[in-house]
Amino acid sequence: FFCSKFVYPKTPFSSDARVSFIDSMGRKYFIGKLTGFEKRQISPPDLIDDRMFVLFETKSETKIIPLIRIQ
């Protein structure tokens, strides 16, 4: 994923998934839930200024995707 002011994550799972941002220190910023294969515009937290990841979690699966911030 590349991001500037917004990220457009799409859950890779067919079931509902929790979506969070994670910084390089491991701090998690919960964003909300996406339904199966839903795509939504999300603004990353301003507190994250270094490496950032999007975390998708279901009851049985987890997927972490790195983000690259575009200035």
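See the structure printed just above.
My aim in this report is to walk through the structure given alongside it, one point at a time.

Analysis parameters
- Residues numbered from 1 in each chain as written.
- Predicted model: local features only at pLDDT ≥ 70, side-chain atom pairs only at ≥ 80, totals over all residues.
- Heavy atoms only, no water.
- Helix = DSSP H or I, 4+ residues; strand = E, 2+ residues; numbered from the N terminus.
- Buried < 20%, exposed > 50% of the residue type's maximum accessible area, 1.4 Å probe, protein only.
- Contact = heavy atoms within 4.5 Å.
- Areas by Shrake-Rupley, 256 points an atom, 1.4 Å probe, with all protein chains shown as cover.
- Core = buried A, V, L, I, M, F, W, Y, C linked by side-chain atoms within 4.5 Å.

### Regarding the overall build of the protein
In terms of helices and strands, the protein carries zero helices and five strands. Along the protein, helices and strands appear, N-terminal first, in the series β-β-β-β-β. Counting every position in the protein, which comprises 71 residues, the buried fraction comes to 37%. A separation of at least 24 residues holds for 55% of the contacts in the protein among residues at least 6 apart in sequence. When the accessible surface of the protein is split by element, carbon and sulfur atoms take 53% of a total near 4,800 Å².

### Points about the side chain of T11
As for its placement among the helices and strands, T11 is situated in the loop between β1 (2–3) and β2 (17–23). In this structure T11 touches A17, L34, T35, G36, F37, E38 and F56, once residues within four positions along its chain are discounted.

### Focus: the environment of T35
Topologically, T35 is positioned in the loop between β3 (28–34) and β4 (52–57). Note: C-alpha distance between T35 and K10 (25 residues apart in sequence) is 9.3 Å. Residues within four places of T35 in sequence aside, it is in contact with T11, S15 and D16.

### What to know about the nonpolar core
Judged by nonpolar contacts, the single largest core of 13 residues is most densely connected at V19, F21, V54, F56 and L67. Counting residues per element, the ones that place at least two in this core are β2, β3, β4 and β5 (62–69). When residues no more than four places from it in sequence are discounted, the contact partners of V19 are F30, I31, G32, L34, I42, V54, L55 and F56.

### Overview of the environment of G32
Structurally, G32 is set in strand β3. Separated by 13 residues in the primary sequence, G32 and V19 place their C-alpha atoms 5.5 Å from one another. Setting aside residues up to four positions removed in sequence, G32 forms contacts with A17, R18 and V19.

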